[in-house]
There are 2 protein chains.
Amino acid sequence: MALVNPHGGGNLKPLLLEGAAQKAELARAQTLPKLKVSSREAGDIIMLGIGGFTPLDGFMTHGDWEGVCDGMKMANGLFWPIPVTLSTDDENIKAGSEVALADSATGEILATMKVTEKYSIDKAHECMEVYKTTDMEHPGVKMVMAQGKYNLAGPIKVLSTGGFTEKYGEQFMTPAETRAKFQAMGWSKIAAFQTRNPMHRSHEYLAKVAIETMDGVLVHSLLGNLKPGDIPADVRSEAISVLVENYFAPNTVIQAGYPLDMRYAGPREALLHALFRQNYGCSHLIVGRDHAGVGDFYGPFDAQKIFDEIPRDALETKNMNIDWTFWCKKCGGMASQRTCPHTKDDRILLSGTKVRSMLSEGQDLPVEFSRPEVAKVLQKYYAGLSAEQNVKVELKGHSAA
Amino acid sequence: MALVNPHGGGNLKPLLLEGAAQKAELARAQTLPKLKVSSREAGDIIMLGIGGFTPLDGFMTHGDWEGVCDGMKMANGLFWPIPVTLSTDDENIKAGSEVALADSATGEILATMKVTEKYSIDKAHECMEVYKTTDMEHPGVKMVMAQGKYNLAGPIKVLSTGGFTEKYGEQFMTPAETRAKFQAMGWSKIAAFQTRNPMHRSHEYLAKVAIETMDGVLVHSLLGNLKPGDIPADVRSEAISVLVENYFAPNTVIQAGYPLDMRYAGPREALLHALFRQNYGCSHLIVGRDHAGVGDFYGPFDAQKIFDEIPRDALETKNMNIDWTFWCKKCGGMASQRTCPHTKDDRILLSGTKVRSMLSEGQDLPVEFSRPEVAKVLQKYYAGLSAEQNVKVELKGHSAA
């Protein structure tokens, strides 16, 4: 059995230059006007670099932006659920300009771009179509509203993976690398488990339901920026590693990460998650409760339902829906609302806030909620935070990691 | 979403006459020579009657028999994994004869048949191809070897459901009925769970893994004859009902039964199980460890592997493979060999013999092995058996039920 095809049906299209070509372009980039890009834009550039956004060749035009907002379709007809755009306030950059795109946090030049179009957008329209709200409390909306006055379209040449390779080593796998790994393992039916949190038993259960009937699971962590208060990627990765070592059978899980920031676009982001997992070679995306959501902006199963609303051939990678999962005392096991007939009182349910406060205070979590090995990693992290809370500057540095 | 099509791609083809047509044919049948059919043949006739063997119109010809044995293909090219044949020693019946087919146990006329061909077969060849053995210890081989000297082919008109409707009421659903039920529930992704045993927690887990990602499960019990020592269908049905009531969410399980005898053909029978589940409207068949096997005649996963060996378009109903399942103390939950990294010693494993002896002695089964409500139903049955053991005649009557 073969893996799913990259999105669009062609080959992977990584835009990252290598070797001499990279060196030459980097030298040329030093001579170009610099444009500082936001964290979200930097993540998109790196994703384009490694082929995760195949078959895009750069940032979207006005026609693409409009088609994607209004009908999830690029100007050439290709399915795409969220605009991938670059913005600026710079009045000097014009169609025909060449610019170097530099990470605003580190100053590193990530790419060069040939600007083919400069256009302005109705940001509120993008927010309503993509995020279903213009509420500035929504972190994705806030990002769009904070964009520059103009969008720039055009093909890019990527020059760096922005430190992800150095920071995450083997875990920062490119789509070509996950595909090669799947093929080496003889896998073709692979579920991607999207995560931006450590895995508790409810997440372990989701992954295991997939493993029962498929070849394996790609636990695929977001390595870009999150909301303040979320667990940093390195701690999360350690917590997931102890879980996999102790509670999963060998050769059923691959842990890897990808460079994007969260947009928190709920249903539309679930579609983007499936789209780029297709590039990574996964046949399925596990879609649980409130996938890629934030606050109460989306219904708990909107991200599952949207997969029924797109054309059948839009994506080869399919959604694998799973309901809200938990330990039920009467079932005497993990279950979901689809498999447990009992009541809320029979279930062990802890809010994120409660879990954080228990861990911060060094309390053990119930073994039905979290594996002790996982809880220990998180307790250690929170203990570190508390110590630093006395040294406010350090804490600030840590939170931003 | 639509249900899978009946096998062959056309409409269901139930051969059961109804109303006036049935009455007239039954009157005519009284005038025809009677041929007594075995229990297995009676089950096949009823299955043909209700459309479970769509699109067959009767018993197979020599060409069909040969094609099915050697290549799982009928003379017309249709996929079929096990011969459906009728046998006799009667020298007087010839091609062109019409006969009435009567149940040898009850004497009831089940069908009329127009004999189109009379032929003899190499029984050992059938056994080697279909059962992979000619060992008379194999109950399926024993049945083939006990057949008459000749096979009779020809279309049949079915006149009765042989008492299944009366005995099992609503639970004896025809393919048209399960399809109507699925459609009324809005289901299209349905896994059939084949069972000839009560459901312990390992079976509950198989069904729940399916329910997590599909619309529902058809728990589909064999109502025909089994090996001596197996739990009778009515007790099994009661044990399954208490399980579903107490441990499954509403509207996720339909319990029904079908009239066939077990052939114990392992891999080939798993294919037949998928084929007739397609007629019942199920998109998937759960295939666990040693599906439809007996003794050590088949490898534990041969019945899963054979689905990879048939042409892709042979069946619309697909296999959903699940490994050996159990409670693991270290996992603290149900698991399979695919999801549990621990050792045999960590798992609660009881042989069938051990379970029978514990239940017969009125002992409780571990709650990790069987739900207490289920164990209670089985204890009651075994207690009844033991009492009767003192009255040997009654016991014999009971065992044959």
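Analysis parameters
- Residues numbered from 1 in each chain as written.
- Chains lettered and ligands numbered in written order.
- Predicted model: local features only at pLDDT ≥ 70, side-chain atom pairs only at ≥ 80, totals over all residues.
- Heavy atoms only, no water.
- Helix = DSSP H or I, 4+ residues; strand = E, 2+ residues; numbered from the N terminus.
- Rg over C-alpha atoms; globule rule 2.2 N^0.38 Å.
- Buried < 20%, exposed > 50% of the residue type's maximum accessible area, 1.4 Å probe, protein only.
- Contact = heavy atoms within 4.5 Å.
- Domains from an automatic or database assignment.
- Buried area = accessible area lost by both parts, 1.4 Å probe.
- Salt bridge = Lys/Arg side-chain N within 4 Å of Asp/Glu carboxyl O.
- Polar contact = N/O pair within 3.5 Å; in protein donor to acceptor, adjacent residues only side chain to side chain.
- Phe/Tyr/Trp six-rings, centres within 6.5 Å; stacked < 30°, edge-to-face > 60°.
- Lys NZ or Arg CZ within 6 Å of the ring centre and 35° of its normal.

So, the overall build of chain A
- Along the backbone of chain A there are 14 helices and 15 strands.
- Whereas a compact globule of 401 residues would reach a radius of gyration of roughly 21 Å, chain A reaches 21 Å, a difference of no more than 12%.
- For chain A, the spread of C-alpha atoms along the principal axes amounts to about 65 × 55 × 45 Å.
- A total of 401 residues make up chain A; the buried ones form 57% of that total.
- Put simply, of all contacts in chain A between residues at least 6 apart along the chain, 73% involve residues at least 24 apart.

Description of the domain arrangement of chain A
All names here are of chain A.
- We note that the domain assignment places domain 1 (19-162) and domain 2 (169-258 + 264-385) within chain A.
- Each of domain 1 and domain 2 has a C-alpha centre, and the two are 28 Å apart.
- Each partner contributes residues to the interface: domain 1 has 25 residues there, and domain 2 has 22 residues.
- Of the roughly 1,900 Å² buried where domain 1 meets domain 2, counting both sides, 74% is carbon and sulfur surface.
- Where domain 1 meets domain 2, there are 0 salt bridges.
- Connecting domain 1 to domain 2 are 9 residue pairs in polar contact (both at pLDDT 80 or more).
- Among the secondary structure elements, those contributing two or more residues to the side of domain 1 that touches domain 2 are helix H2 (39-50), helix H3 (62-71) and helix H4 (123-131).
- If one sorts the elements of the side of domain 1 that touches domain 2 by residue count, H2 sits on top with 4 residues.

Some points on the packing of aromatic side chains
Residue and element names in this part refer to chain A.
- Taken as a whole and judged by the stated rule, the model has 16 aromatic pairs over all chains.
- Centre to centre, the rings of Phe164 and Tyr168 are 6.1 Å apart; their planes meet at 20°, and the pair counts as stacked. Residue Phe164 and its partner Tyr168 are located together in helix H6 (residues 164-168), separated by 4 residues, close to a single helical turn. Summarising the burial analysis for this pair, Phe164 and Tyr168 share the class buried.
- Put simply, the rings of Phe164, Tyr168 and Phe172 pair up and form one aromatic cluster.
- Here the basic side chain of Lys118 rests over the ring of Tyr150, its NZ or CZ set 4.4 Å away from the ring centre.

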